[in-house]
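Residue-level listing of the chains:
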Amino acid sequence: MHIEADRECCIGAGNCVMVADALFDQDDDGIVVVLAADVPADEETRARRAAQLCPAGAITAIE
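Not measured: the values here are computed from a predicted model. (Residues numbered from 1 in each chain as written. Predicted model: local features only at pLDDT ≥ 70, side-chain atom pairs only at ≥ 80, totals over all residues. Heavy atoms only, no water.)

### Side note on empty space enclosed by the protein
So, step 1. What the rule picks out here adds up to one cavity of 30 Å³ or more.
So, step 2. Taken as a whole, the largest cavity holds about 100 Å³ of empty space.
So, step 3. Surrounding the largest cavity, 15 residues form its lining, Cys-10, Ala-13, Gly-14, Cys-16 and Cys-54 being those nearest its centre.
So, step 4. Classifying every residue of the lining of the largest cavity gives 10 nonpolar, five polar and no charged. (1 Å grid on protein atoms, 1.4 Å probe; cavity = no way out; pocket = protein on both sides within 12 Å on 5 of 7 lines; lining within 4 Å. Points joined across faces, edges and corners; volume = space filled by probe spheres on them. Nonpolar A, V, L, I, M, F, W, Y, C, P; charged D, E, K, R; others polar.)

See below:
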């Protein structure tokens, strides 16, 4: 699985970090930063959940 984040679309809610802090962080402005674009197998469920919970739809999980 691979994840992508649209930083232009991100509103800084931080749901992704709360759900998958091994995969996402936020910069000083609160905008998403992808820490691991290639998702380890044990983090795939969290990656999918982060994409589902993003209120701006800024995160995409690609199977």
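Structure's up, so let's keep going.
### Comments concerning helix α2 (residues 44-53)
So, step 1. Taken residue by residue, α2 has Ala-47, Ala-50 and Ala-51 as its buried positions. Each buried residue of α2 lies within a common arc of 100° when the element is viewed along its axis, so the set occupies one face. Across α2 from its buried face, at more than 90 degrees, point the exposed residues Thr-45 and Gln-52.
So, step 2. Where α2 is buried, its residues touch β1 (2-5), α1 (15-19), β2 (24-26) and β4 (59-62). (Buried < 20%, exposed > 50% of the residue type's maximum accessible area, 1.4 Å probe, protein only. Helix = DSSP H or I, 4+ residues; strand = E, 2+ residues; numbered from the N terminus. Arc of directions from axis to C-beta. Contact = heavy atoms within 4.5 Å.)

### With respect to the pattern of salt bridges
So, step 1. Following the criterion strictly, the structure yields four salt bridges and no others.
So, step 2. Between Glu-44 and Arg-48 there is a salt bridge, with its nearest N and O atoms 3.5 Å apart. Taken together, the positions of Glu-44 and Arg-48, both in helix α2 and four residues apart, correspond to about one turn of that helix.
So, step 3. For Arg-48, a relative accessible area of 31% translates into the label partly exposed.
So, step 4. Among the salt bridges present, the one from Glu-63 reaches Arg-48, with a minimum N-O distance of 2.9 Å. In this pair, Glu-63 is assigned in the segment after β4 and Arg-48 in helix α2, connecting sequence segments 15 residues apart.
So, step 5. Ionic contacts of the salt-bridge type, sharing partners, join the residues Glu-44, Arg-48 and Glu-63 into one network. (Salt bridge = Lys/Arg side-chain N within 4 Å of Asp/Glu carboxyl O.)

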